[in-house]
Amino acid sequence: MALLPFILSLVVFLLHPHNGVHCHGDKQLLNLQHHFQWNHNSDTLASTCLSRKEKGATILEMKHRDYCYGHGGRARDRDWNKLLQKRLILDDLRVQSLQARIRKNMAPAETQDVSAARIPLTSGVELGTLNYIVKVEIGGRKMTVIVDTGSDLTWVQCQPCKSCYDQKEPLFNPSASPSYSTVSCNSFECQSLAFATGNTGICGENPPTCNYVVSYGDGSYTRGELAHDHLHLGKTPVDNFAFGCGRNNKGLFGGASGLLGLGRSSISLVSQTSAIFGGVFSYCLPSTESGTSGSLVLGGNSSVYNTSTPFSYTRMIPNPKLSTFYFLNLTGVSVGGVTLQDSSFGKTTTLIDSGTVITRLPPTIYKALKAEFQKQFSGFPSAPAFSILDTCYNLSAYQEVEVPTLKLQFEGNAEMDVDITGVFYFVKTDASQVCLALASLAFEDEIGIIANYQQRNQRVIYDTKGSKFGFAHESCSFT
């Protein structure tokens, strides 16, 4: 039976909208004049968050959590400079924690204690990709959850709750759902928690239910019981879906009701719906222009894509010790048409993730990229470095600037053109502190990360069955 792919439409209000982009050879023109102008006319934001559309397939709007929850409710009431800077600090904290856990799992078994050797690192434990939200239905109740490609376990806050952070919707009430049931501690799902979350399932006493614990690198956590219930993704039903019913939760979840895990373990949404969607999903993160949107598509129906270039493919690199993460092989980088020369390319695998903000590169590769970028983007006044970003400029006196193109190359001749909006990170809204949106890892042996800033305006396919990634240019505009 033919099944429609499930489309999650991301209408994302990002941080510096309405950029004019024009290509000039190996440079692109960035319009600086309209950055953040929408901040002062944001009364409609709350009413447009998470609205639902129908267009042939099931569509849910998906947005950045900052523009629907928290920070005083309205964008114009927020201190945007502090928000932008805080996001970088949290991003660095998560990546540092991620690298520490990776080193621990990649060390020889004899150097680890017994528990560390038995429990592999899991996807999402350190990344905590808490960027985009979507509304799904669990047990007949619509819940707003964070979509996280770096996590496996889906969970929501449940009542009665011992300790819960503030969320905008009522807590999920298991007793109000006739299809809700707890998972026993000797079940396959309970046993899979060690692999999916880094913590083994714990047997409750009366009844002997399966309890879970997930801790994130920024100090956030969720604890509760593993359960089954009916999940609806728009009009697409998923019966007997395993998820976490959180009774003790704390962290930076932005008022959302929980998290939707798109990692690779058996308990992730991707695995649990593989019979429906074939283990394939893709996304297009939108540009920063006002009114643009993107989409997350579950399923491999290419007719819903709006790509303007053919797909190029590269293989997923398997890593038995880190098998719930998504890895590929970065083989080259070019800046303004100049291909960087460095012996580090292709020697270690690179993590690709939709939630980490800033791409991290090995020190020697980043040093070469930085030098070439500074050479081509010369003549502009410098600005102080900020946090992880060390190549910054004061562009407040300019209406537009020409920026060198940036291309990432992967094994199999796959290539991803970094959009103009993925080259600079605006630390200051007036463009007085604008930084190259890439950073160096601390050590050569750490694992690099291709982050969401560099993935904008690309259709990125994750094909877990075919074990490959696909890249094509797409404007991400969803109509």
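Structural notes, computed from the coordinates. (Residues numbered from 1 in each chain as written. Predicted model: local features only at pLDDT ≥ 70, side-chain atom pairs only at ≥ 80, totals over all residues. Heavy atoms only, no water.)

### Quick look at the overall build of the protein chain
The helix and strand inventory of the protein chain stands at seven helices and 32 strands. A buried classification covers 58% of the 479 residues belonging to the protein chain. Of the contacts formed within the protein chain by residues at least 6 apart in sequence, a portion of 72% connects residues at least 24 apart. Approximately 18,600 Å² of the protein chain is accessible, and the part contributed by carbon and sulfur atoms is 51%. (Helix = DSSP H or I, 4+ residues; strand = E, 2+ residues; numbered from the N terminus. Buried < 20%, exposed > 50% of the residue type's maximum accessible area, 1.4 Å probe, protein only. Contact = heavy atoms within 4.5 Å. Areas by Shrake-Rupley, 256 points an atom, 1.4 Å probe, with all protein chains shown as cover.)

### Some details on helix α4 (residues 188-197)
Listed in full, the buried residues belonging to α4 are Cys-190, Ser-192, Leu-193, Ala-194, Ala-196 and Thr-197. Two residues or fewer after α4 comes Gly-198, characterised by a positive phi angle close to 85 degrees.

### What about the packing of aromatic side chains?
Under the counting rule described, the total for this entry stands at 24 aromatic pairs. Ring geometry for Phe-373 and Phe-424: centres 5.8 Å apart, planes at 85 degrees, overall edge-to-face. Of this pair, Phe-373 sits in helix α7 (residues 363-376) while Phe-424 sits in strand β27 (residues 424-426), and the two are 51 residues apart along the sequence. Taken individually, Phe-373 and Phe-424 each receive the classification buried, so the pair is uniform in this respect. Every member of this aromatic cluster is reached through a ring pair, and the members are Phe-373, Phe-377, Phe-380, Tyr-393, Tyr-398 and Phe-424. We note Arg-223 situated over the ring of Tyr-221; from NZ or CZ to the ring centre the distance is 4.3 Å. The positively charged end of Lys-468 is found above the aromatic ring belonging to Tyr-313, 4.5 Å away from the centroid. (Phe/Tyr/Trp six-rings, centres within 6.5 Å; stacked < 30°, edge-to-face > 60°. Lys NZ or Arg CZ within 6 Å of the ring centre and 35° of its normal.)

### Digging into α7
Along an α-helix, residues three or four positions apart point the same way, because every turn accommodates 3.6 residues. For α7, spanning 14 residues, the distance from its first C-alpha to its last is 20 Å, which sits close to the expected 20 Å at 1.5 Å a residue. Inspection of α7 places Ile-365, Tyr-366, Leu-369, Glu-372, Phe-373 and Gln-376 among the buried residues, and these make up the whole buried set. The buried residues of α7 occupy an angular sector of 135 degrees when projected down its axis, which confines them to one face. Counted as exposed and oriented over 90 degrees from the buried face of α7: Lys-367 and Lys-375. (Expected span 1.5 Å × (residues − 1). Arc of directions from axis to C-beta.)

### A look at the state of the cysteines
Counting across every chain of the model gives five disulfides. A sulfur-sulfur separation of 1.7 Å characterises the disulfide bridge that pairs Cys-161 with Cys-164. Across the S-S bond linking Cys-161 and Cys-164, the dihedral sits near 90 degrees, which makes this disulfide right-handed. By relative accessible area, which is 27% here, Cys-164 ends up partly exposed. At a sulfur-sulfur separation of 2.4 Å, the disulfide partner of Cys-185 is Cys-203. Between Cys-185 and Cys-203, the disulfide has an S-S torsion of 100 degrees and is therefore right-handed. Remark: Cys-203 occurs in strand β10 (residues 202-203) and Cys-185 occurs in the loop between β9 (181-182) and α4; sequence separation between them is 18 residues. Given the relative accessible area of 23%, Cys-185 is considered partly exposed. (Disulfide = S-S within 2.5 Å.)

So far we have only geometry, and geometry alone does not tell us how the molecule works.
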